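Observations on the model geometry
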Amino acid sequence: MHAPPEAAAPARTPPGWPQRLFRRWWRRQSPARQDRYATLGPLVSVLLFLAAIISAFWYLRNEELEREQAAVQRDTEIAQQQIRLRLIENQEQLVRIAREIGTRAIDQEEFLGQAASFTRERPEIAALTWIGANRARRASYSATTFAAETGAQPERPGAPRPTEPDAAFEAARELRQPVYSRPFTDAAGSAVFQVQVPLIDRAAFAGVLVAEYSVESLVRYFVPAEVSNRHAIALLDAEDRVLASTVTLAGVQRAQIVHDVPLAPAGNGLFLRGQGRRTSIGLISNTLFWMVAALSVLTVWMLLGTWRHMRRRLQMQNALVSETNFRRAMENSMLTGMRAMDQEGRITYVNPAFCAMTGFLESELIGRRPPFPYWPPDRYEENARLLQQELQGRSPAGGIEVKVMRKDGSTFDARMYVSPLIDPKGQQSGWMTSMTNITEAKRIRDQLSASHERFTTVLEGLDAAVSVLSVQQSELLFANRSYRLWFGADARGHALLAGGESAPFETSEFGDTIESLGGLPTAELTEATSDSREVFLEPLQKWFDVRTRYLQWTDGRLAQMLIATDISARRHAENLAAHQAEKAQVTSRLVTMGEMASSVAHELNQPLTAITNYCNGMVSRVRGDQIAKDDLIAALEKTARQAQRAGQIIHRIRAFVKRSEPQRQPSQARDIVEDAVELAGIELRRRNVALSTYVAQRLPTLMVDPILIEQVVLNLIKNAAEAIDNAGLPPKRRIIELRVVPRHTPEEGGVIEFTVTDSGPGLKDEVIGRLYEAFFSTKTDGLGIGLSLCRSIIESHRGRIKAQNLYNGETVTGCRFSFTLPVDITRSDAHPTSQPTAVS
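Computed from a prediction, not measured in an experiment: that's the story for all the values here.

1. Describing the overall build of the chain
Counting secondary structure elements, the chain contains 25 helices and 29 strands. Within the chain, buried positions represent 40% of all 840 residues. For the chain, the proportion of contacts with a sequence separation of at least 24, taken over those separated by at least 6, is 60%. Roughly 46,600 Å² of accessible area belongs to the chain as shown, and the carbon and sulfur atoms make up 53% of that amount.

The following block contains the structure:
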């Protein structure tokens, strides 16, 4: 027996209510249960301790896994950054060569010389080819065979031709900018991809400059050795096939930790995959038995392991902070020529792009102090002042324009951006500078400024209102004469025409700020933000057709251009035409009923005659007291049914010819057909023509005006009956077939097809050509508006109508009229392309 807990522990403070509650519960337990609880106490403590140990190991295992995943992600992004910088550098050089070819500054021989020098410095490029606009090879240099070829080269017969270069060629022709192809296998069986730079000769497409990259060389030369030593880096295509890797294929497939990043700026489906392996699989299952056997040794080992783990974690964290800060400084500047300096102004790093721009080797620049060799001699004082400003951290955020001298003595304009380098301790260790060649951009900007006046003169003569609004400042940058006549110099007129928005563009769809969109091509911004709408301005009582697009203004700012054309007269004409079309539809229905007047009279005469006969018979029998009550009731019920029949005929005709506004509503094809057949039956019975109807089951709901569609069906059935009756066909051939079935066509998609087929004499070829002309009719007493209205009704519902003769050999055996209604017309109407807007 164990003593209660309170007997062994002296009370230092008055017990609280939890302690009193526990003591009261303990005293109510039996001695046997108290012994059981006292025995389970140490066991529960041991289990809790073991649970804590297992939880600690589980936590350490997961943290090690996360750390390994972070290391794989970091190494993969480092490899991606190296390859990305290389691809951008090569693309800039290829654009330069393409510009020289497009301006005919070099011929084929000079191109081969430049290609040999270009590929010699870039082992990742397997071949450089000049291809004309007709896809004929003008010149080619292969880095693998060192063969230079000029002139058109015939393709080898029987050799399979990959489709990826052709697709890239078409994309470069259409976009007029460098395009990367999807990876493919060359003749040697190696995985390659191409970048095709368009050649522009006097604003015309003159071919492409093709650089073929070896995927294996990209991985071999541009994945840092320290990265490949730590983790496996592989390059895969969009189908997850391994094209190149730093390890064997079996090692790639056995990887347990994977991180994928796209290969920028190619954007052709290639992506880098970093791979690692978990090193602690089975750790818990292998240590549980050992922990039970030697708990004390495990505790010491755990403390030592935790100490080693914390020390290694601190070291990796410092390395990660240093690499992250360095990469962030590079990303904050433009990814062109990169130069790093310490606090004293000594150059500590230059990338290959910087060396290529200045012509100096890396060894000639590292460790140099001002004045630097790329400073022009006549600008030493100015560059020294800018360097001091840079070292003091007072460089403008928008960059500095400088003159840079190449090693051969030539100069070019450049823009430099500066950002600080921060060490792991959070202190600044130097400066990172990026440099971009802006010679061509500056020349283009000057040309744009010169052409602005000519363009303004043209816009001032337009009848449409043209205005340009700054997106960032909401400032009216330009307004032509028509705009000022209607709105003055107020930017609110632009906002009203644009839909009442004061800031039409805050952030881009690419997730960047407006400032970052300044360097994008204007054509891409136009495709992303183009808009067209019709707007009614109540203060002016005018309708405008408004078209907007985004462009880059002469000072580099993003702006919205708006062209508003006065369409008030056109809108008035459209409304008048719609009103006349509505009248024509009602008139057509009245004409149809007028043509069927004799048939309707005959149809109504039958129930009226029956009512008269029933009433006369009942009167005679009642006078002679010869009718029973039940017979009288039966005769009255028959009379009522005949009266209801006559009322239904009149109601159907009244609903058909009733003047109402066109209104589309969910309708079933079966209900439309039944109503049309019921009306057409009057005319069919008079002409002794049979009608065969087939409507498919489970047809989708149509969003149409049922009266208008019923009018089309009735008109086609009536025309078919007239054709059969006028031809004097025998009773066996006096048949009309009406079919309603679903169809799917490549042009229209899913539709419901209505077909009316008769066995009449058909239509002449010249009649078919003029069948839908207004006021054209083959009938002597016809108005020629029936089929014209039918076509207008069907096309207003986004459908099509057609007529064709049926042949048995060369003999015409009948005629078939068919029209289709799209089943997705609800979505088409619910989401129009251009929605008119009223602005007050």
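Now that the structure has been shown, we can carry on.
2. Things to note about empty space enclosed by the protein
Per the counting criterion, the structure on display carries one cavity of 30 Å³ or more. Considering only enclosed or pocket space, the largest cavity measures out at about 140 Å³ in volume. Along the walls of the largest cavity sit 13 residues, with W375, L386, E390, V402 and M416 positioned nearest its centre. By residue class, the composition of the lining of the largest cavity is nine nonpolar, one polar and three charged.

3. Here's the deal with the packing of aromatic side chains
Evaluation of the coordinates by the stated rule reveals 13 aromatic pairs. An angle of 80° between the planes, with centres 5.4 Å apart, marks the rings of F354 and Y374 as edge-to-face. Here Y374 lies in the loop between α12 (362-365) and α13 (380-391) and F354 lies in helix α11 (residues 352-358), a separation of 20 residues in the sequence. Each member of the pair, F354 as well as Y374, carries the same accessibility label: buried. Ring pairs connect the aromatic residues F354, F372, Y374, W375 and Y380, which therefore count as one cluster. Its end group placed over the ring of W130, R138 keeps NZ or CZ at 4.7 Å from the ring centre.

4. A closer look at helix α5 (residues 164-175)
Its twelve residues place the ends of α5 16 Å apart at the C-alpha level, agreeing with the 16 Å of an ideal helix rising 1.5 Å per residue. Those residues of α5 that fall on the buried side of the exposure criterion are P165, A168, F169 and A172. Axial view of α5: buried residues confined to an arc of 105°, hence all on one face. Packing partners of the buried residues in α5 comprise β1 (125-132), β4 (179-180), β5 (184-185), β6 (191-201) and β7 (204-214). Just past α5, the residue R176 takes up positive phi, approximately 60°.

5. Some details on helix α14 (residues 439-460)
Under the 1.5 Å per step criterion, the end-to-end length of α14 is 32 Å for 22 residues, consistent within 8% with the ideal 32 Å. Its axis deflected by about 35° at H452, α14 carries its strongest bend there.

6. Concerning unusual backbone geometry
With omega at -5°, the peptide bond leading from P370 into P371 counts as cis. Although it is not a glycine, R202 adopts a positive phi angle of roughly 55°. Structurally, R202 is set in the loop between β6 and β7. Judged by its relative accessible area of 66%, R202 falls in the exposed class. Positive phi is not limited to glycine here, since R698 has a value of about 55°. With respect to the helices, strands and loops of the structure, R698 is situated in the loop between β23 (690-695) and β24 (702-704).

7. Some points on the nonpolar core
In terms of nonpolar packing, the biggest core is built from 42 residues, with L87, L94, I101, F111, L128, F193 and L209 touching the most fellow members. Broken down by element, the residue count for this core peaks at eight residues, all from helix α3 (residues 31-102). With residues up to four places along the chain from it excluded, the contact list for L128 reads L94, F111, A115, F118, T119, A139, S140, Y141, L209, V210 and A211. By size, the runner-up hydrophobic cluster in this structure holds 40 residues, among which are V673, V695, L708 and L729.

8. Some thoughts on the environment of Q80
Tracing the backbone shows Q80 in helix α3. C-alpha separation for the pair Q80 and P262, spaced 182 residues apart in sequence, amounts to 8.0 Å. Ignoring any residue separated from it by four or fewer positions in sequence, one finds Q80 in contact with V261, P262 and L272.

9. Here we look at the pattern of salt bridges
Here the structure, examined in full by the defined rule, presents 38 salt bridges. D490 is the salt-bridge partner of R492, the closest N and O atoms lying 2.6 Å from each other. According to the relative accessible area criterion, R492 is exposed, its value standing at 61%. What emerges from the salt-bridge pattern is a single network uniting R86, E89, E121, R122 and E124.

10. So, the sheet that holds strand β12 (residues 337-342)
Across the sheet, which stays open at both edges, the five strands sit in the order β13-β12-β16-β15-β14 with antiparallel pairing between neighbours. Of all the strands in the sheet, just β13 (347-350) and β14 (400-405) have a single pairing partner and so form its edges. With direction set aside, neighbouring strand axes in the sheet form an average angle of 35°. Where β12 meets β13, three bridges bridge the pair, whose relative direction is antiparallel. Looking at the pairing, M341 lines up with I347 of β13.

11. Section: a positive patch on the surface
A cluster of basic residues, R20, R24, R27 and R28, forms a positive patch on the protein surface. The topology assignment puts R20 in helix α2 (residues 17-27).

12. Describing the sheet that holds strand β10 (residues 257-262)
Strand order in the open sheet formed by four strands is β9-β8-β11-β10, with antiparallel pairing between adjacent strands. Both edges of this open sheet fall to β9 (242-245) and β10, since each of them pairs with a single strand only. The mean inter-strand angle of the sheet, taken between neighbouring strand axes irrespective of direction, is 25°. Note: β10 against strand β11 (residues 271-276), six bridges, orientation antiparallel. Across the sheet, residue V258 finds its bridge partner in β11, namely Q275.

13. Re the pairing of strand β17 (residues 465-470)
Counting buried positions over the six residues of β17 gives six, a clear majority of the element. Every second residue of β17 is oriented toward a common face, with A465, S467 and L469 on one face and V466, V468 and S470 on the other, all of them buried. Inspection of the sheet shows β17 paired to strand β21 (residues 558-566) by six bridges, in the antiparallel sense. Paired with V468 across the strands is M561, a residue of β21. Across three bridges, the pairing between β17 and strand β18 (residues 476-479) is antiparallel.

Rules used in this analysis
Residues numbered from 1 in each chain as written. Predicted model: local features only at pLDDT ≥ 70, side-chain atom pairs only at ≥ 80, totals over all residues. Heavy atoms only, no water. Helix = DSSP H or I, 4+ residues; strand = E, 2+ residues; numbered from the N terminus. Buried < 20%, exposed > 50% of the residue type's maximum accessible area, 1.4 Å probe, protein only. Contact = heavy atoms within 4.5 Å. Areas by Shrake-Rupley, 256 points an atom, 1.4 Å probe, with all protein chains shown as cover. 1 Å grid on protein atoms, 1.4 Å probe; cavity = no way out; pocket = protein on both sides within 12 Å on 5 of 7 lines; lining within 4 Å. Points joined across faces, edges and corners; volume = space filled by probe spheres on them. Nonpolar A, V, L, I, M, F, W, Y, C, P; charged D, E, K, R; others polar. Phe/Tyr/Trp six-rings, centres within 6.5 Å; stacked < 30°, edge-to-face > 60°. Lys NZ or Arg CZ within 6 Å of the ring centre and 35° of its normal. Expected span 1.5 Å × (residues − 1). Arc of directions from axis to C-beta. Bend = angle between axes of the 7 residues up to and from the residue. Core = buried A, V, L, I, M, F, W, Y, C linked by side-chain atoms within 4.5 Å. Salt bridge = Lys/Arg side-chain N within 4 Å of Asp/Glu carboxyl O. Pairing = 2+ DSSP bridges. Axes fitted to C-alpha atoms, helices over the stretch in contact; angles between N-to-C directions. Patch = residues over 30% accessible without salt bridge, like charges linked within 9 Å, V, L, I, M, F, W, Y side chains within 5 Å. Lys, Arg positive; Asp, Glu negative; His and termini not counted. Charge placed at Lys NZ, Arg CZ, Asp CG, Glu CD.

By themselves, these observations are geometric and do not establish any function.
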